[in-house]
Amino acid sequence: IEYYICTTPGANCQCSKKKTDMYGCGGPPGCWTTSKEQCLKHQDRWLPDTQGHEVEIGRDGRVYYKCTIPGANCQCTKAKTDEPNCGGPPGCWKHESREKCVSSDDRWLPDEQAATTTTPTTKAATTTTPTTKA
């Protein structure tokens, strides 16, 4: 399941990218503030478990949580981590081999670290500005 990056301050619920594109959900990024019960009733994603974690753009252009686990060498995308696969944020761990890591469409962190390019980082929204679903 893919999601837009939620940039709505205080949002705690989000529609999938597909649902947002098909039905609106207030338009991209498809996130808003509601109760957990209402969010899950509509089969949407409850965000508090992912907020507060830094994210970064990988060399491949995909979004990842910033890995904070020492010695980790493999990482799922933010979208895959939010499904919730990969053990939740930050979605990185020590894998036995590069081949097995990348064969699951995950990124091999030593490849990222070998690149000397600077990647932008942002802090996920943690403010509580009220927003409503359109």
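Description of the structure in this document.

The rules behind each value
Residues numbered from 1 in each chain as written. Predicted model: local features only at pLDDT ≥ 70, side-chain atom pairs only at ≥ 80, totals over all residues. Heavy atoms only, no water. Helix = DSSP H or I, 4+ residues; strand = E, 2+ residues; numbered from the N terminus. Buried < 20%, exposed > 50% of the residue type's maximum accessible area, 1.4 Å probe, protein only. Contact = heavy atoms within 4.5 Å. Areas by Shrake-Rupley, 256 points an atom, 1.4 Å probe, with all protein chains shown as cover. Pairing = 2+ DSSP bridges. Salt bridge = Lys/Arg side-chain N within 4 Å of Asp/Glu carboxyl O.

Quick look at the overall build of the protein chain
Next, step 1: Per the secondary structure count, the protein chain includes 5 helices and 9 strands.
Next, step 2: Order of helices (α) and strands (β) in the protein chain, N terminus to C terminus: β-α-β-α-β-β-β-β-α-β-α-β-α-β.
Next, step 3: Counting over 134 residues, the protein chain shows a buried share of 36%.
Next, step 4: Of the contacts made within the protein chain by residues no fewer than 6 positions apart, 46% connect residues no fewer than 24 positions apart.
Next, step 5: Approximately 7,900 Å² of the protein chain is accessible, and the part contributed by carbon and sulfur atoms is 52%.

Quick look at the sheet that holds strand S3 (residues 45–46)
Next, step 1: Strand order in the open sheet made by the 3 strands is S2-S1-S3, with antiparallel pairing throughout. At either end of the open sheet lies a strand with only one pairing partner, and these are strand S2 (31–32) and S3.
Next, step 2: Bridge count between strand S1 (residues 13–14) and S2: 2 bridges; the pairing is antiparallel. Counterpart to Gln14 in the pairing with S2 is Cys31.

Overview of the pattern of salt bridges
Here the idea is simple: oppositely charged side chains can pair when their charged atoms come close.
Next, step 1: Inspection of the entire model under this criterion finds 9 salt bridges.
Next, step 2: Salt-bridge contacts for Asp111 lead to Arg98; the nearest nitrogen and oxygen are separated by 2.7 Å. Pair noted here: Asp111 is in helix H5 (residues 109–114) and Arg98 is in helix H4 (residues 98–103), with a separation of 13 residues, a long-range link.
Next, step 3: Salt bridges linked by common partners bring Arg59, Arg107 and Glu112 together as one network.

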